[in-house]
Amino acid sequence: MVKGAVLQGYLLEEALAWLLRSSGYRLLVHASQDPDELVTDGNTLRVRGRGALHQVDALGEFAFTPAFSMPVRLFLEAKFKQDRCGLEIVRNAHGVLHDVNENFMTHAGRRPRQRYHYAYALFSTSGFTPDAQKYAVAHQISLVDMSGASFAWLLGTIGTTAWTLEQAQGGLGKSATFPVTWLRTELRKRLGTWTASPSLLSSAVPTDDRFRKEAAAVIADFADALRRNGGAELLLGFPSAPFILPLAVNNHLAFTSYADAQPDHAVRIRRRGSGGSAEWTLSPLGQEGAYELAFKLPEQVEEWISDVEEKERRRTVEVKEQFLSTITIYRMNGGGVRAYQLRYEPSSLSRS
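Bear in mind the structure is a predicted one, so any value in this text is a computation, not a measurement.

1. Topic: the overall build of the chain
Part 1: Secondary structure summary: the chain contains 9 helices and 15 strands in total.
Part 2: Its C-alpha radius of gyration of 21 Å places the chain within 12% of the 20 Å reference for a compact globule of 352 residues.
Part 3: For the chain, the spread of C-alpha atoms along the principal axes amounts to about 60 × 55 × 40 Å.
Part 4: Considering only intrachain contacts with a sequence separation of at least 6, the fraction spanning at least 24 residues in the chain is 65%.
Part 5: For the chain, the separation between the mean place of its 40 positive charges and that of its 38 negative charges on side chains is 3 Å.

2. Thoughts on the domain arrangement of the chain
Part 1: According to the domain assignment, the chain contains domain 1 (4-147), domain 2 (152-230) and domain 3 (235-344).
Part 2: Of note, the centres of domain 1 and domain 2, computed from C-alpha atoms alone, are 22 Å apart.
Part 3: The interface is formed by 25 residues belonging to domain 1 together with 28 residues belonging to domain 2.
Part 4: For the pairing of domain 1 and domain 2, the buried interface totals around 2,400 Å² over both sides, and the portion due to carbon and sulfur atoms is 71%.
Part 5: Summed over the shared surface of domain 1 and domain 2, the number is 4 salt bridges.
Part 6: The interface formed by domain 1 and domain 2 holds 7 residue pairs in polar contact (both at pLDDT 80 or more) in total.
Part 7: If you tally residues by element for the side of domain 1 that touches domain 2, the top one is helix H1 (residues 4-19), at 12 residues.
Part 8: A class-by-class count of the residues in the side of domain 1 that touches domain 2 yields 13 nonpolar, 7 polar and 5 charged.

3. A few points about the nonpolar core
Nonpolar side chains in soluble globular proteins tend to end up buried together.
Part 1: One finds Leu11, Leu12, Leu16, Phe123, Met146, Leu154 and Leu183 to be the most contacted residues of the largest nonpolar core, which totals 53 residues.
Part 2: Those elements that place two or more of their residues in this core are H1, strand S1 (25-28), strand S6 (72-79), strand S7 (117-124), helix H4 (152-168), helix H5 (180-191), helix H6 (209-228) and strand S9 (233-239).
Part 3: Per-element tally for this core: the top contributor is H1, with 8 residues.

4. What about helix H8 (residues 299-306)?
The α-helix advances 3.6 residues per turn, and as a result positions three or four apart in sequence lie on the same side.
Part 1: Along H8, the residues that are buried comprise Glu299, Val301, Glu302 and Ile305. Taken down its axis, H8 places every buried residue within 155 degrees of arc, on the same side.
Part 2: Its buried side turned inward, H8 meets helix H3 (130-138), strand S11 (264-272), strand S12 (279-284) and helix H9 (312-323).

5. Some thoughts on the confidence of the model for the chain
Part 1: Residues of the chain with pLDDT of at least 70 account for 95%, and the chain-wide mean is 88.
Part 2: This stretch, residues 348-352, has a pLDDT under 50; its non-local contacts, to residues over four places away or in other chains, come to 21 contacts.

6. Considerations on the sheet that holds strand S15 (residues 336-344)
Part 1: Ordered in space as S9-S10-S13-S12-S11-S15-S14, the 7 strands form a closed barrel in which the pairing is mixed. Taking each pair of neighbouring strands and ignoring which way they run, the sheet shows an average axis angle of 35 degrees.
Part 2: Pairing geometry for strand S14 (residues 326-333) and S15, over 8 bridges, is antiparallel. Looking at the pairing, Thr328 lines up with Gln341 of S15.

7. Considerations on the packing of aromatic side chains
Part 1: A full pass over the atoms with the stated rule returns 13 aromatic pairs.
Part 2: Both rings, one in Phe75 and one in Tyr120, keep their centres 5.2 Å apart while their planes meet at 10 degrees; by these two values the pair is stacked. Of the two residues, Phe75 is situated in strand S6 and Tyr120 in strand S7; the sequence distance between them amounts to 45 residues.
Part 3: For Phe75, a relative accessible area of 2% corresponds to the buried category.
Part 4: Above the plane of the ring of Trp18 lies Arg21, whose end atom (NZ or CZ) is 4.0 Å from the centre.

8. Notes on the pattern of salt bridges
Part 1: By the definition in use, this model includes 25 salt bridges.
Part 2: Arg184 is the salt-bridge partner of Glu13, the closest N and O atoms lying 2.7 Å from each other. Here Arg184 lies in helix H5 and Glu13 lies in helix H1, a separation of 171 residues in the sequence.
Part 3: The salt bridge involving Glu186 is made with Lys189; its shortest N-O contact spans 3.0 Å. Of this pair, Glu186 and Lys189 are both found in helix H5, 3 residues apart, which corresponds to roughly one turn of the helix.

9. Here's the deal with the sheet that holds strand S2 (residues 38-41)
In a beta sheet, neighbouring strands are held together by backbone hydrogen bonds and run either parallel or antiparallel to one another.
Part 1: Ordered by their spatial adjacency, 3 strands build an open sheet running S2-S3-S4, and the pairing between neighbours is antiparallel. Two strands in the sheet have a free side with no partner beyond their single neighbour: S2 and strand S4 (53-55). Adjacent strand axes in the sheet meet at a mean angle of 35 degrees, parallel and antiparallel pairs treated alike.

Definitions and cut-offs
For every chain, the first residue of the written sequence is number 1, and numbering continues from 1 along that sequence. Predicted model: local features are reported for residues with pLDDT of at least 70 only, side-chain atom pairs are reported and counted for 80 or more only, and whole-chain, interface and lining totals are derived from all residues. Remark: hydrogens and water are excluded; side-chain values derive from all non-hydrogen atoms of the structure. Helix and strand assignments follow DSSP, with helices taken as H or I runs no shorter than four residues and strands as E runs no shorter than two, numbered in order from the N terminus. Radius of gyration here is computed from C-alpha atoms only, and the compact-globule reference equals 2.2 Å multiplied by the residue count raised to the power 0.38. Residue contacts are counted whenever heavy atoms from the two residues lie within 4.5 Å of one another. Only four residue types enter the charge count, namely Lys and Arg as positive and Asp and Glu as negative; His and the chain termini do not. Charged side chains are reduced to one point each, which is NZ for Lys, CZ for Arg, CG for Asp and CD for Glu. Per the annotation, domain bounds derive from an automatic or database assignment of domains. Two parts placed together each lose some accessible area under a 1.4 Å probe, and the buried area is that loss summed for both. Salt bridge criterion: a side-chain nitrogen from Lys or Arg within 4 Å of a carboxyl oxygen from Asp or Glu. Counting of polar contacts relies on pairs of N or O atoms within 3.5 Å, with two restrictions inside protein: one atom must be capable of donating a hydrogen and the other of accepting it, and residues adjacent in sequence are counted only when both atoms are side-chain atoms. Under the grouping applied here, Gly and all other residues not named as nonpolar or charged are polar, the nonpolar ones being Ala, Val, Leu, Ile, Met, Phe, Trp, Tyr, Cys and Pro and the charged ones Asp, Glu, Lys and Arg. Buried residues of nine kinds, namely Ala, Val, Leu, Ile, Met, Phe, Trp, Tyr and Cys, make up a nonpolar core once their side-chain atoms join them within 4.5 Å. Partly exposed residues are those whose accessible area sits between 20% and 50% of the maximum for their type, while under 20% is buried and over 50% is exposed, using a 1.4 Å probe and protein chains only. Working note: the arc is built from the helix axis to C-beta atom directions. A score from 0 to 100, pLDDT tells how confident the predictor is in each residue. Paired strands, as defined in this entry, are two strands with at least two bridges between them according to DSSP. Every axis in this analysis is a line fitted to C-alpha atoms, fitted for helices over the stretch in contact. Angles between the N-to-C directions lie between 0 and 180 degrees. Any two of the Phe, Tyr and Trp rings considered here, Trp counted by its six-membered ring, make a pair once their centres fall within 6.5 Å; the pair's planes then place it as stacked at under 30 degrees, edge-to-face at over 60, or tilted in between. By definition here, charges over rings are those cases where NZ of Lys or CZ of Arg is within 6 Å of the ring centre and within 35 degrees of the ring normal.

In structure tokens, the structure reads:
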């Protein structure tokens, strides 16, 4: 039997893979996409490290290779928890990264071999402890806090779906194993996030007909709920800072319509709230209604901003000028990748 909290994590990872569908990353789902680096173990995808194989639930490959770098791949891990994620979770991510980025050392010989730079992004619905944040910044692991209002619709849908699936598995018996692979496969088929050959999709189905029908209906409803929010996307913003910005887009057509016409433009940045509950928004300077992107900064940055009340406004401006002066966004556009540059200008110093 799988608890609802575990199912929430699985559903969140699949939903994030769908939300990131246009962020410039292609989801890797099977060893056939890279036999040198990836291993399909049963129905589980693993990445080769220098010392071990590492299970991965969601792995993306960036379509654009940055200058003076290697092709980038991103581990995506999601935690749907009531408590903040602690140091042990981030430490495990660092261990995985260290091992896979040294995998090339185990391949002696003269044959040229492709190499990748692996990065790691941890998404949490309840934030991270101070120790986890400090460790992540020190080791360049991206932490994404999803507790803001921008993700409320998604987390509510996941919570309802996970509870319904948990109830449905009652007919499987207490010793039965929840068919997680089948769950992921069904979602990837419905959401279009399976990127390998269709013939490689797992054909395993639950043996209990009643459970299969009930669960399939729940999965279909979940996929439909995501598609009803089809305007929603999650773009990755790269600022001049030691962290990434997951930018929630409630209407991607509004953003792309403006950004395609003006790929380099000035933006207004606003901060709403205080401390860990603060949320930021981006909109084009002088045309605030054209689009809006929402994001949260790392909690330790917010704590510094709000630490001294009379300095909060000044520190907010300092963060904008130092870390958010230029934000680069990559987005898939048909078969290619478009790059957008959002520039914060001092003329937009207001805060609301």
